[in-house]
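The chain contents come next:
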Amino acid sequence: MASGPVQSVSVGGRTLRVSSLDKVLFPATGTTKGEVLQYYVQAADRLLPRLAGRPVTRIRWPHGVSGQSFFEKNLPSGAPDWLRSVTIRGHGSRSGRESVTYPLVEDLPTLVYLVNLGSLELHVPQWRVDGDGHPLPPDRMVVDLDPGPGAGLTECARVAVLVRDQLAAVGLDTQPVTSGSKGMQLYAELDGDRTSEEVSEVARTLAQLLAERHPDLVVWKMTKALRPGKVFLDWSQNNAAKTTICPYSLRGRERPQVAAPREWAEVEAAADGSGSLVQVTYDEVLGR
């Protein structure tokens, strides 16, 4: 769906055709497609290692965030033959296919190719594939913190500290990431000896424990009526068929916000009221 003036650029030894670089993708800030591509090029050193080996689902906004968007799992039609892909069976798709052929985004040309198609958001599972394209056990657990009405990043920060301390007690270190949307995620690296079902069960048990101990702040059930003023601790993101936004990916929000790794000192300050935590834009991420 790339349209408008086209030009050829050299990226990582590949010649790519990019188009409509002056098109405004974020009207609220006037951010253009060219600026989005430039962000992804500048962030690639941090982003690509987090994408490597993971099948990538994209959310595309061909006409900017004020237009229509759509999920895309399968490799785009017309993709160059050098673009690596992997076919995964059993996770299904919205079209009812039994298998999905995903792109693997492991180099800068692939990243630029997909972003040029309007792929603002890049989502990945908690597992990677091996050299033969077979899914491996999850190498991380994610705890997704989703604030309900009346809650925000301050409440998420308070819950994040609780989650961090609980997981630290069993030897797991966590990395906080503000989602670029409403809430945040916490990632804990795993040694790959548990299935997705086992990791989901651990995350669910953690959510239930914290909801029991802090009922004024945490809910573990998705029921919307329970969520005003509280944080939904979404343990289900560890299901093998689910994906989360990749850290350093842009989000298709009104402003060009990014899923941004944060320092624990920032989160602690928001939790105890000595500071504040806000979603950050792509230029702020580059400044960090």
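Computed from a predicted model, the values in this text were never measured in an experiment.

## Section: the packing of helix H3 (residues 153–168) against helix H4 (residues 196–213)
Okay, step 1: At a closest axis distance of 11 Å, the pairing of H3 and H4 adopts a crossing angle of 125°. It follows from the interaxial angle that H3 and H4 lie oblique. Every pair of crossing elements has a handedness; the one defined by H3 and H4 is right-handed. On H4, the residues touching Leu162, Val163, Gln166 and Leu167 of H3 are Leu206, Leu209, Leu210 and Arg213.
Okay, step 2: Taken together, the residues that form the contact of H3 with H4 break down as six nonpolar, one polar and one charged.

## Details of the domain arrangement of the chain
Okay, step 1: Along its sequence, the chain is organised into domain 1 (7–136) and domain 2 (137–238 + 257–287).
Okay, step 2: The interface of domain 1 with domain 2 comprises 14 residues on the first partner and 15 residues on the second.
Okay, step 3: Approximately 1100 Å² of surface area, both sides summed, lies buried where domain 1 meets domain 2, with 52% of it carried by carbon and sulfur atoms.
Okay, step 4: The largest per-residue losses of area from domain 1 upon contact with domain 2 belong to Tyr39, Arg50 and Gln126, which jointly make up 56% of the total buried on that side.
Okay, step 5: The tally of links between domain 1 and domain 2 comes to two salt bridges.

What counts, and where the lines are drawn
Residue positions are given per chain, counted from 1 along the sequence in the order it is written. For a predicted model such as this one, the threshold for reporting local features is a pLDDT of at least 70, and the threshold for listing and counting side-chain atom pairs is 80 or more; totals across whole chains, interfaces and linings nevertheless cover every residue. Derived side-chain values reflect all non-hydrogen atoms in the structure, with water molecules and hydrogen atoms excluded from consideration. For helices, the fitted line uses only the C-alpha atoms of the stretch in contact; every axis is such a line through C-alpha atoms, and the angle between N-to-C directions lies from 0 to 180 degrees. Runs of H or I in DSSP of at least four residues are treated as helices and runs of E of at least two as strands, each being numbered from the N terminus. Should an angle fall under 35 degrees it is taken as roughly parallel, and over 145 as roughly antiparallel, whereas 65 to 115 is taken as roughly perpendicular and any remaining angle as oblique. It is the rotation of the near helix from the far one that decides the hand of a crossing: anticlockwise by less than a right angle makes it left-handed, clockwise makes it right-handed. Contact between two residues is taken to exist if any of their heavy atoms lie within 4.5 Å; hydrogens are not considered. Asp, Glu, Lys and Arg are counted as charged, while Ala, Val, Leu, Ile, Met, Phe, Trp, Tyr, Cys and Pro are counted as nonpolar; the rest, among them Gly, fall into the polar class. For the purposes of this description, domain bounds are those given by an automatic or database domain assignment. Defined in terms of a 1.4 Å probe, buried area is the accessible area two parts forfeit on being brought together, summed over both. Definition used for salt bridges: Asp or Glu carboxyl oxygen within 4 Å of a side-chain nitrogen of Lys or Arg.

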